[in-house]
Amino acid sequence: MNIDILSEDQLVQLDQLISHAENIIITCHKSPDGDAIGSCLGWAEYLRSRGKEPTVIVPDQYPDFLLWLPNTEKIVRYDKHKEKCDMLFKIADLIFCLDYNTPSRVEDMQEALVSSPAPRVLIDHHLNPDVPAVLTISLPEACSTCELVFRIVWQMGGFEKLDKHFAAPIYCGMMTDTGGFLWNSTRCEIYFIIGELLTKRIDKDKIYRNVYHNYSENRIRLMGYVMYEKLVYLPKFNAAYYTLTREEQKRFNFIKGDAEGLVNIPQQIKGLKLSISLREDSDKPNLIWVSLRSVDDFPCNLMAEQFFNGGGHLNASGGRINGTMEEAVEIVKKAIIAYENKLK
Ligand SMILES: [Mn+2]
């Protein structure tokens, strides 16, 4: 299968940029996810196989469920080591920008990134790439930046001498950006790549467990409680919502991230189009966080803008309400009625 993405000129240019560079930095966006971290680690591994010693610099903390990835201990956090990182950006002679399309996505690291004299190379799959770079490798149809990193390494002939230290992070990023190959993952190139990654003896089932089977007992019980006691299902509107108060969060020893993904669960109800979560802030009174999920063409983002001081993507949005939970529930009911035609 031909999975080449670079033109002959780009291939030569990238090869020469790497060959001539001594101080290479690899960066990704703020709040790095599996694809951001995976692509940085995979690309670093490739550069090491070419005798380079790149530094992976990330703007801030990445999730615990990625800690098992090989070489995470080598990652430098900008928020923790600003001075050291600023110095590295000054002496850098090549910077890779992975998994983001515009400099503002690195937030506090932006100044260091754009003022560095080093040429930048962008490798990304978001729409409208806008990072000043000598080489922009952008392919929005790719499932992940990890897919792009693989295809570049493959085309450069570097895959053969790499091992699972490359394959594991690349697989991990492809998996997390597709929700475990549940969405945006129907292109056959993806499975060609997975087939090749498996030859490096990664345990894909274990990678899945490391990332997704990572809950505390409390979180599992909270999930059961919310779905059994708190979910309000409105079959006439193909919608559902639930509330989660501060008291309840305390009862289940709620920690940051425990509510993550809860709002997706009601979507497993047959025919459901809209799921809404209302969660009281764990500290601030009268602040309710709203999450919305939808399927097909139901515009969560418009509803979030109109009713919840928020916005987002077509099928996944968020917002906030300043008020009590009772008031928030009333707003949700109004919003559902306002969108009745689109829900039925
Ligand atoms: Mn990505």
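Before reading on, note that the structure itself is shown above.
The following paragraphs examine the structure supplied in this document. Nothing here was measured: the structure is a model prediction, and the numbers come from that model.

Criteria and thresholds
- Counting restarts for each chain: residues are numbered from 1 in the order of the written sequence.
- Given that this is a predicted model, residues contribute local features only at a pLDDT of at least 70 and side-chain atom pairs are listed and counted only at 80 or more, while totals for whole chains, interfaces and linings are drawn from all residues.
- Computation of side-chain values covers all heavy atoms of the structure but excludes hydrogens and water.
- Here, nonpolar core means buried Ala, Val, Leu, Ile, Met, Phe, Trp, Tyr and Cys residues that are tied together by side-chain atoms lying within 4.5 Å of each other.
- The cut-offs for exposure are 20% and 50% of the maximum accessible area for each residue type, with area from a 1.4 Å probe on protein chains only; residues under the lower value are buried, those over the upper are exposed, and the others partly exposed.
- Here a residue-residue contact requires only that any non-hydrogen atoms of the pair lie within 4.5 Å.
- Only when DSSP finds a minimum of two bridges between them are two strands counted as paired.
- In DSSP terms, a helix is any run of H or I states spanning at least four residues, a strand is any run of E spanning at least two, and both are numbered starting from the N terminus.
- Lines fitted to C-alpha atoms define the axes, with helix axes restricted to the stretch in contact, and inter-axis angles between N-to-C directions lie between 0 and 180 degrees.
- The charge count includes Lys and Arg as positive and Asp and Glu as negative, but it does not include His or the ends of the chains.
- Salt bridge, as applied in this entry: a Lys or Arg side-chain nitrogen positioned within 4 Å of an Asp or Glu carboxyl oxygen.
- Polar contact is the term for a pair of N or O atoms within 3.5 Å; when the atoms are in protein, one must be able to donate a hydrogen and the other to accept it, and sequence-neighboring residues count only if both atoms are side-chain atoms.
- A 1.4 Å probe that fits but cannot get out identifies a cavity on a 1 Å grid over protein atoms alone, an open set with protein on both sides within 12 Å along at least five of seven lines counts as a pocket, and a residue lines either if it has an atom within 4 Å of a point.
- Grid points are joined across faces, edges and corners, and a volume is the space filled by probe spheres set on the points.

### Considering the nonpolar core
- Of all hydrophobic cores here, the largest spans 59 residues; its most connected members are Leu-14, Trp-43, Phe-96, Ile-123, Met-174 and Leu-197.
- If we ignore the near neighbours within four places in the chain, the residues touching Phe-96 are Leu-14, Ile-18, Ile-24, Ile-25, Ile-26, Thr-27, Trp-43, Leu-47, Val-121 and Ile-123.
- Counting 24 residues, the second largest nonpolar core, distinct from the first, contains Leu-292, Phe-308, Ala-328 and Ile-336.

### Looking at the sheet that holds strand 1 (residues 24-27)
- Ordered by their spatial adjacency, six strands build an open sheet running 3-2-1-4-5-6, and the pairing between neighbours is parallel. Both edges of this open sheet fall to strand 3 (76-77) and strand 6 (135-138), since each of them pairs with a single strand only.
- Here four bridges tie strand 5 (residues 120-124) to strand 6, and the two strands are oriented parallel to one another. Note on strand 6: the bridge partner recorded for Asp-124 is Ser-138.
- Each of strand 4 (94-98), strand 5 and strand 6 is contacted by helix 1 (residues 8-20), which is oriented at about 120° to strand 6, the strand it contacts most.

### Some details on the side chain of Asp-99
- On the secondary structure map, Asp-99 appears in the loop between strand 4 and helix 4 (110-115).
- In this structure, Asp-99 is buried with no salt-bridge partner, the nearest side chain bearing the opposite charge being Arg-105 at 6.4 Å.
- Within the structure, Asp-99 has its side chain in polar contact with the backbone nitrogen of Ala-36 (distance 3.5 Å).
- Among the polar contacts listed, one links the side chain of Asp-99 to the side chain of His-125, at a separation of 3.2 Å.
- When near neighbours in sequence (up to four residues on either side) are disregarded, Asp-99 contacts His-29, Asp-33, Asp-35, Ala-36, Ser-39, Ile-123, Asp-124, His-125, His-126 and Thr-145.

### Some words on the layout of surface pockets
- Size it by volume and the second largest pocket reaches roughly 190 Å³.
- Those elements giving two or more residues to the lining of the second largest pocket turn out to be helix 6 (164-177) and helix 8 (204-212).

### Considering the sheet that holds strand 10 (residues 287-294)
- The six strands lie next to each other as 7-8-9-10-12-11, forming an open sheet whose pairing is mixed. What marks the edges here is a single partner per strand, and that holds for strand 7 (232-234) and strand 11 (311-312).
- Inspection of the sheet shows strand 10 paired to strand 12 (residues 316-322) by seven bridges, in the antiparallel sense. Bridge pairing in strand 12 places Ile-288 opposite Ile-321.
- The strands touched by helix 9 (residues 217-230) are strand 7 and strand 8 (239-244); relative to strand 8, the strand with the most contacts, the crossing angle is about 120°.

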